[in-house]
Structure formats: C-alpha cells, structure tokens
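Per-entry structural report
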Amino acid sequence: MTSSALRLVTPDSTGIEIPTRKNLPTFVTESGLRTELKKLSGIDAVGAEARIAKLSTRSLKKETKKYAIDLAISMVDLTTLEGADTAGRVASLCTKAMHPDANNLSVPSVAAVCVYPDMVANARAVIGSSPVHVASVSTAFPSGRASLAVKLLDTKDAVEAGADEIDMVIDRGAFLSGNLFKVYEEIVAVKAVCGTAHLKVILETGELVTYDNVRKASWLAMLAGADFIKTSTGKVGVNATLPVALVMLEAVRDFAEEYGELVGVKVAGGIRTTKDALKYLVVVNETAGSSWLTPEYFRFGASSLLNDLLLQRTKQLSGNYARPDRFSGD
Amino acid sequence: MLDPIVLVETDMESLHSQLGGLQYDNAPESAAIAKIKKEYGLFINGQFTSPKDHKSFFTINPATEEKLSKISQADANDVDAAVQSAKRAYEKVWSKTTGPERAKYLFRIARLIQERSRELAVTETLDNGKPIRETRDIDVPLAAAHFFYYAGWADKLSFAGYGADPKPIGVAGQIIPWNFPLLMAAWKLAPALAAGNTCVLKPAETTPLTALLLAEILQQAELPDGVVNIITGDGSTGAALVEHPDVNKIAFTGSTGVGRMIQQRIAGSGKHLTLELGGKGANIVFEDAPIDEMVEGIIDGIFFNQGHVCCAGSRLLVQESIAEDVLRRLMRRVEQLRVGDPMDKNTDVGAVNSAEQLARISELTATGEEEGATRLTSTCVLPSKGFWFPPTVFTNVSQSHRIAREEIFGPVLSMLTFRTPEEAVQKANNTNYGLACGVWSEKGSRTLWVAERLRAGVIWANTYNKFDPTSPFGGVRESGFGREGGRQGLEAYLNV
C-alpha cells in the first residue's frame, strides 16, 4: 500500500490520472489490496438472516410512517432500463420524477431518474436544472462484458450528455476468479472519468452469492472510490434482499469509522411495495444510523415502488385507499 | 495485569448520536385481547374451583404495577385434591389411553395454542413484563411446537430407545418458574402427557395467568378430567406438592437453592426427580468470529427476556486482541436497545418481573462496582412506574467478582478477556454451574475443540439462546440434571 499518485494506462493508451483521495489508501499491487481485504470479518449467514427477521417485525405507525413514506419517495431512483425505451417514455418518466403526484404538489420529488446512456440527453432536456439527478447506467450494463476502453467511453458519453450520477457494474467474472485487483482498477478508472458525477458501483450481489463476497466487494468498491455501492442491476434472478442490504450497510458503517468517508447504499430490483421499502429503512436506521437516512446516502432503484408509496401516502393522509389509476403510470 | 478497557461516559453519548434518526411512534398491542378474568380458582379434575373457597393474592403487571387478577392460593388440602384427581385419572383413564389417542389430544392442544396465540402472547406480556415481540415470536410458537413435537412421540415410545414398551411413572408434580411461564408449562406437560403420565402443574406465584389460560385450552381440547391439574400459589403450595406421598415424580425448574431443598426433602421417598436450575453461561468470542452476528448473539444472549434466562450468556469471554472493538460495537448496540412498554411492538427489553427480582439485580450490580469493575449502562429513559433495570455491561471484571460467579438473572453482562483457547475453556468452566455456553469462531475445528472441553449441557456455536423442541436442554453440576426436549426429554417421564 502506498499513497503515491497512480496513473492508469488504458487500452487506447490515453492514460488516466487517478486523483489521490484525502483519506483513502491507494493500492498499486494485488497483494496490498488482498491484505486489506483479508482483515474483513466473516459473516454468519444464519445470524445475518435472523437479524433481518427480527428487524422486519418493527412496526412503523402514525407520524413515523408518514415521514418514512415521504423519505422513501425522495430516495427513489426512478428507473427505466428497457431495450424498448424511447424519448417519449423517458420524458414522461422525468416529468413524473419531478412531480410524482400530479394532483398533489406537496409530494417530494424523487432523487433521480435512471436511464441508459443514450437516453441521458433526453432526460437532461426534461429535467433541466431541477434538483432531480440524472443517473445513467454504464460500463456495458448489465453484464459488464466489454473492454475497459469501451466501459470508459460508455461512461464519458453519459457524463458528457449530462448525467450527474453513473451506475457502473463490476466485473463479476474477475471477482469470482480472484482477480480482485482488476475489479479495483476498473472502478478507479471509471471514477476518474466520472469527474464530478457521483459513482454508484453495482456489485450484482445475486451473482456474488455469498454474504462474505458481498462484504469483500463492498469494501473493495469503497476503497476504489465508490460514492455509492449498489446491490443489483435488476437484470438477474436474485436482486436486492434485506440481508444483503444489511451486510452492505454494515460495510459502509465500518468504512466510515475506519476512513472517515461516508459511502451511500442503493438497493435495486424487486422492491415493489411500501412495506418492503419501510423494512429497508428500518435496517438503515438500526444498522448505519441517521447519517444514511437521506437521499444523499440511501436510494431505492425501482419503478413500480413509487406508485405504491403514493397510494400509501394518500391512505395515511385521507384514511382511504385511492384507485390505482389516480396516479400516472410513468 | 491487563490494561483496563476504558469506555467513558462521553463515549456513550457519542455512540448515542450515531443512532437512527427514525423515531418509532408507539405501536401498542391491545391489552383487551387478553380477556383476563377478575379472579381465578384452581383447575382440578377438569373444572375451576370457586375462588371464594380459597385464600387469594393478586398478580400484577410488572410494567405498571397494576393489579391484573385475583389468584387462588392452593393450600395442602387443595394440593391433595389435585394430586388425588391426577392419580384417579392416571389409574382409570390415561394409563389405559393408547399412544395414538394421547397424540390426538396433544395435537389438539398444539393447534389451540396456535389459534389463541395472540391472546396467550398478550396475557403473557401483561403478566410477565417481557416484550410482546418475544411472546408473539418466541414463547407462544415454541410452546405450540413442543406439543406438536411430543404428540409425534406418543405412539412411538417403543422406538425412543428406552426398551420395548416403556411405562410412564404416574403422577408428575411440576413446578415452573416465572421467566417463561407458558413455555415452561409446555416443556413440562407435553413430554409427560405423551409418555402417559398425569400432571399437577404449579406455575410461579407472579405469573399464573397463561397457565390458567392453558387450563381453558385443555378444557376446549376435551382432555379427560384430572389428566392435568393446575394449582396456583406460593412456595408453600410447591412444598406441599413436593411432599405429597402420591406424587411419583417431581420436575422443577427454578433456582439452585430451591432445587437443592427439593432434592433433600424427597430423598428416600422413591420419587423421580429432574431439576433445571440456574446458570452462569459463558459466551466465548474468538478473534475470527463473524463480528456483527456475534455482537447480536451477545445481545440476544444476555438481554433476551431481560436476562431472566437460566441459560443466559451472562459472562462474555472475549479474546484480548479484539476486546476493544467488541466492546465498542457491543455498547453501540446496547445503547440502541429499546427499553420500555412491553406491549409496544418495537420494544426490545421489557420490565423486570418483580420488585423482589429488581432488588436482587440492583444489589448484585452494586457489588460489581464496589469490587472494582467498570459499569457501562444504557442511557435509556426508564418508565416511572413498574420494575425496570437498564441494560448494563461490566468491564474489567475478574473471575473472583461476585458478578462473574453468581447468577444475576437480569440484563447485566460481565465482560472478561482471555488470551488462548485453553484459558477460555478454563475460565468458562470456572463456575459452579454448567447449563449453557456459546462459542463464536469461523474456524470449525476450534469450535469443536472448545465445545468438547466445556462442562455445560448446551453448547451453541455461532448463535445463542436458540431453542427447539427436538433438541435436549438441561445442565450439569449446580445447573441440575435431566433433559427437556428431544428424545432425551422422554426419559424424565418414563420408568427406565
């Protein structure tokens, strides 16, 4: 481990200067990185799942529930990641992101819209300078099976088109085959081309499978400069789960204690109901604590979740359930 | 001499400030669900006696000190009536009832417990002071599970490993404590009935309500009259039951002092005896333990049920190399525990069961400080009424301190350190008790090495306070003898 500035030579031989970060060590060798990752504690799967079962019994009532629903709305990364996406669909999604309930302007806007890189310009055109962020997936999302040059270009493209958040994927193949340094270097490189855009690193926990891997990948991504660590692409069989979120929240908590850097967590894929979202907020609350209970440090990557949050919000205020058609589809 | 581990007052404040910003609004369960009657008689021969025929005492809600119900005090004559009823039922009915028939009743009881689980959970929480989350998710489901499990054994006793056709003992006198009132009743009744015995059950003086509700369930299940009799009262009722000549078996769960007295009193009487007594469980933490789950395990080990658990992990033995890190993480969790109204669905730690128990906890913890240990206490705000003790951890505890030797039976943890596995084993075994221990390590071979050398009836690996009807539970040395649960639990109720 050294703290000397790192210059990464990319396949197109342009090279990238890696900025030195204030509090984080920089790794220039595989063995240094391995030594750092070896200090991580193992995870007892039964215990982690038991902890979640217990936390899931928390009962949010009255003002807490109202507050939590609004908080959850403000944490949504409203997402459309389909081959069939069009400029029209993205535009309507952006409108919804800024004013989730057209009939009630007291509803907070969501945190961001999340689209494919080629849709960023369309999104930015609608979002303009509104506080809603424009997030773009990149690095050959969702599989990440492309050369580093392509991944960097993919990222640059999105940033130049106006994305202020980048959701990259890690190379799971490299991670699972033990080539941790490759995963690290790629994240460092992508971070460098992000500029001021925030970098969310998707671990694709459904492909990492074990909680030990999730903790290791979380730590690795944070060391490499991730502003957020994110569970999933939403494109594989297993997406965000509560125990995985628990492990990642423990990781960001421990990382903040060790290096003084707060890294956010984004859970994505399969979160559809208010009940699910509130369970995640309870886990955030009782694991990482209040610092993470803001859109700056916790996000839900979801599409259908928003309308259920709106439905439950209306129920809390009026006492009655609205017809689902009261809220716009996207 | 080790360097003392210091975690000062200001640290507790900084720990608190890191905690969650989501303040949970009250989420109280409704007390009306319990349908507690104003007064209760004794349950003898399938009927409740008239409360007017007995002296009485009140059972109170330890969280509010409000009276819940007037309970009958069974005297020697009542005990005799209950034992005679059990004896008659044994001779005329239950000993002639076939295994599959007995199983039918046990399955019915199990299902009725499930059906009335909410009522049972609320009643238990009101009477005992433990959080509704625990009665709802642990006590009541486990009680039903015990009846289900032993229902399965009732017609398979020949295959339990106690001979071709093992016979029941007869009338079992069963005395249970106040820490898990319904669950202990289930632990005692289910194997006894499956094996073909009849029972006289005496619940603890401070927590009689769920046993009386169970009596209603037995009526609903149409269990033949007299097969189970439930008598309420204080220690004198228990003593009369122990000394009754027609009782063939005594099963007692409670303090080591009372257990010793019982054993002396029945010496030479030919009565069978099983005792499940106190403990001073050690939770042994190695440096390669899964740290977050281990911290949860320590919390569950000592603060589950306010620490009113005979197998509580009340001694924490931590490898010195990680002691500071463990303490910091542990105190962060302690500070996070939600102490208060047991009926609130978000409460983690409820009320101490009685003023008497609170006094004992307070007295013993005071000696901790006097003897030089460092006391770290949660800054939680305790309710003004009722019996409460804040979650507390002692560091810099030495083996000779009273808080490291005596059972506190409250939310008080004593933390000690060790350097080698040998030292961990030596310290864990340096107690008069031998009920339960926990071992935390990611290295299986070390866990087994340690477990082999621990003198305790139950050893948990990477978990603590996990109960299951299929798993035998019981202690060695001053923690008692005999097993409850599993195939082994049948032995206590068979003439083998």
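Everything numeric in this text was worked out from a predicted model, so none of it was measured.

1. Points about the overall build of chain B
Check the secondary structure of chain B and you find 16 helices and 18 strands. The C-alpha radius of gyration computed for chain B amounts to 23 Å, which stays within 12% of the reference 23 Å derived for 496 residues, consistent with globular compactness. Viewed in the frame of its principal axes, chain B has a C-alpha envelope of about 70 × 50 × 35 Å. Put simply, 76% of the contacts in chain B that link residues at least 6 apart link residues at least 24 apart. Here chain B has roughly 18,000 Å² of accessible surface; of this, 51% comes from carbon and sulfur atoms. Side-chain charges of chain B comprise 51 positive and 60 negative groups, with the mean position of each set lying 6 Å from the other.

2. A closer look at the sheet that holds strand β5 (residues 66–73) of chain B
All names here are of chain B. With mixed pairing, 3 strands are arranged side by side in an open sheet as β1-β5-β4. Only two strands of the sheet have a single partner each, and these edge strands are β1 (39–40) and β4 (55–61). Its contacts with the sheet put helix α4 (residues 117–128) on β4 and β5, and the angle it makes with β4 is roughly 100 degrees.

3. Observations concerning the pattern of salt bridges
All names here are of chain B. Throughout the structure, instances matching the rule amount to 60 salt bridges over all chains. Among the ionic pairs, K427 bridges to E423, the shortest N-O distance being 3.3 Å. Highlighted residues: K427 and E423, both in helix α14 (residues 421–429), separated by 4 residues, approximately one helical turn. For the pair formed by K427 and E423, the shared burial category is buried.

4. Side note on the packing of aromatic side chains
Between two aromatic rings, the relevant description is the distance of the centres plus the angle of the planes. Within the structure shown, the criterion is met by 20 aromatic pairs over all chains. Ring centres of F181 of chain A and Y184 of chain A lie 5.7 Å apart, and the angle between their planes is 25 degrees; on these two criteria the pair is classed as stacked. Of this pair, F181 of chain A and Y184 of chain A both sit in helix α8 (residues 180–194), 3 residues apart, which is roughly one turn of the helix. F181 of chain A sits in the buried class, given a relative accessible area of 12%. Overall, Y184 of chain A belongs to the buried group, its relative accessible area being 0%. Ring plane angle 50 degrees and centroid distance 4.7 Å describe the contact between W460 of chain B and Y464 of chain B, whose orientation is recorded as tilted.

5. Points about the layout of surface pockets
Residue and element names in this part refer to chain B. Here the largest pocket is characterised by a volume of approximately 1,200 Å³. Lining of the largest pocket is provided by 47 residues; of these, W178, G254, S255, V258 and E356 occupy positions nearest its centre. Contributions of two or more residues to the lining of the largest pocket are made by β4, α8 (235–243), β9 (249–253), α9 (256–266) and α12 (355–370). By residue class, the composition of the lining of the largest pocket is 20 nonpolar, 16 polar and 11 charged.

6. Thoughts on the nonpolar core
Residues and elements named next belong to chain B. Counting residues in each nonpolar core, the largest one holds 114 residues, and the members touching the most others are I109, I113, F147, V228, V285, M294 and F473. Considering every element that reaches this core, the biggest residue donor is helix α6 (residues 181–195), with 12 residues. Apart from residues no more than four positions distant in its own chain, F473 is found in contact with W187, E276, C310, C311, L435, V458, W460, F467, G482, R483 and E484.

7. Re the interface of chain B and chain A
In this complex, chain B contributes 32 residues to the contact, which on the side of chain A involves 31 residues. Here chain B meets chain A over a buried area of about 2,600 Å², counting both sides, of which 40% is carbon and sulfur. Taken together, the links from chain B to chain A amount to 8 salt bridges. E257 of chain A is the salt-bridge partner of R328 of chain B, the closest N and O atoms lying 2.6 Å from each other. Counting across the interface, chain B meets chain A through 20 residue pairs in polar contact (both at pLDDT 80 or more).

8. Thoughts on unusual backbone geometry
The amide bond that connects F141 of chain A to the next residue, P142 of chain A, takes the cis arrangement and shows omega of 0 degrees. Within the fold, P142 of chain A resides in the loop between β5 (133–137) and α6 (148–160). At K62 of chain A, a residue that is not glycine, the phi angle is positive and equals roughly 45 degrees. Phi at N396 of chain B takes a positive value of approximately 55 degrees, unusual for a residue other than glycine. Positionally, N396 of chain B belongs in the loop between β14 (392–395) and α13 (402–405).

9. A closer look at empty space enclosed by the protein
All names here are of chain B. Tallying each qualifying case throughout the model produces 5 cavities of 30 Å³ or more. Empty space within the largest cavity amounts to approximately 90 Å³. Lining the largest cavity are 13 residues, and of these F180, M184, W187, V309 and F467 sit closest to its centre. Looking at the lining of the largest cavity, the element that brings in the most residues is α6, giving 3 residues. Considering only residue class, the lining of the largest cavity consists of 11 nonpolar, 1 polar and 1 charged.

10. Some details on the pairing of strand β3 (residues 76–79) of chain A
Residue and element names in this part refer to chain A. The side-chain alternation of β3 yields two buried faces, one formed by V76 and L78 and the other by D77 and T79. Relative to strand β10 (residues 298–302), β3 is paired through 3 bridges, and the arrangement is parallel. Within the sheet, the bridge partner assigned to D77 lies in β10 and is G301. Once the chain exits β3 it traverses helix α4 (residues 87–98) before rejoining the sheet at strand β4 (residues 112–115), and the crossover so formed is right-handed.

11. Details of the confidence of the model for chain B
For chain B, mean pLDDT is 95; residues scoring 70 or higher make up 96% of the total. Predicted as a complex, the structure gets a pTM of 0.94 and an ipTM equal to 0.93.

12. Focus on the confidence of the model for chain A
Confidence along chain A averages 93 in pLDDT terms, with 93% of residues attaining 70 or more. The model gives residues 1–5 of chain A a pLDDT under 50, and that stretch makes 11 contacts with residues more than four places away or in other chains.

13. Things to note about α6 of chain B
Residues that lie three or four places apart on an α-helix share one face, since the helix turns once every 3.6 residues. Relative to the 21 Å expected for 15 residues at 1.5 Å per residue, α6 of chain B spans 22 Å between its end C-alpha atoms, a close match to the ideal helical length. Where burial is concerned, most of α6 of chain B is hidden: 15 out of the 15 residues are buried.

14. Focus on the side chain of N305 of chain B
All names here are of chain B. Structurally, N305 can be placed in the loop between α10 (291–303) and β12 (315–319). Using a relative accessible area of 0% as the deciding quantity, one classes N305 as buried. Among the polar contacts listed, one links the side chain of N305 to the side chain of K130, at a separation of 3.4 Å.

15. Regarding the sheet that holds strand β8 (residues 228–230) of chain A
Within a sheet, each strand pairs with its neighbour through backbone hydrogen bonds, oriented either parallel or antiparallel. Residues and elements named next belong to chain A. In space, the 8 strands of this closed barrel follow the order β3-β4-β5-β6-β7-β8-β9-β10, with parallel pairing throughout. Across the sheet, the mean angle separating the axes of adjacent strands is 25 degrees when strand polarity is ignored. Note that β5 and strand β6 (residues 165–169) share 3 bridges and pair parallel. Bridging from a neighbouring strand, V137 pairs with D167 of β6. Against the sheet, helix α12 (residues 274–287) engages β9 (264–268) and β10, with an angle of about 155 degrees to β10.

16. Focus: the environment of V93 of chain B
Residues and elements named next belong to chain B. Assignment of secondary structure puts V93 in the loop between α2 (76–92) and α3 (99–115). With 10 residues separating them in the primary sequence, V93 and V83 have C-alpha atoms 15 Å apart. Apart from residues no more than four positions distant in its own chain, V93 is found in contact with R88 and P224.

Definitions and limits used
Residues numbered from 1 in each chain as written. Chains lettered and ligands numbered in written order. Predicted model: local features only at pLDDT ≥ 70, side-chain atom pairs only at ≥ 80, totals over all residues. Heavy atoms only, no water. Helix = DSSP H or I, 4+ residues; strand = E, 2+ residues; numbered from the N terminus. Rg over C-alpha atoms; globule rule 2.2 N^0.38 Å. Contact = heavy atoms within 4.5 Å. Areas by Shrake-Rupley, 256 points an atom, 1.4 Å probe, with all protein chains shown as cover. Lys, Arg positive; Asp, Glu negative; His and termini not counted. Charge placed at Lys NZ, Arg CZ, Asp CG, Glu CD. Pairing = 2+ DSSP bridges. Axes fitted to C-alpha atoms, helices over the stretch in contact; angles between N-to-C directions. Salt bridge = Lys/Arg side-chain N within 4 Å of Asp/Glu carboxyl O. Buried < 20%, exposed > 50% of the residue type's maximum accessible area, 1.4 Å probe, protein only. Phe/Tyr/Trp six-rings, centres within 6.5 Å; stacked < 30°, edge-to-face > 60°. 1 Å grid on protein atoms, 1.4 Å probe; cavity = no way out; pocket = protein on both sides within 12 Å on 5 of 7 lines; lining within 4 Å. Points joined across faces, edges and corners; volume = space filled by probe spheres on them. Nonpolar A, V, L, I, M, F, W, Y, C, P; charged D, E, K, R; others polar. Core = buried A, V, L, I, M, F, W, Y, C linked by side-chain atoms within 4.5 Å. Buried area = accessible area lost by both parts, 1.4 Å probe. Polar contact = N/O pair within 3.5 Å; in protein donor to acceptor, adjacent residues only side chain to side chain. Right-handed = clockwise from strand over helix to strand, strands pointing away. pLDDT = per-residue confidence, 0-100. Expected span 1.5 Å × (residues − 1).

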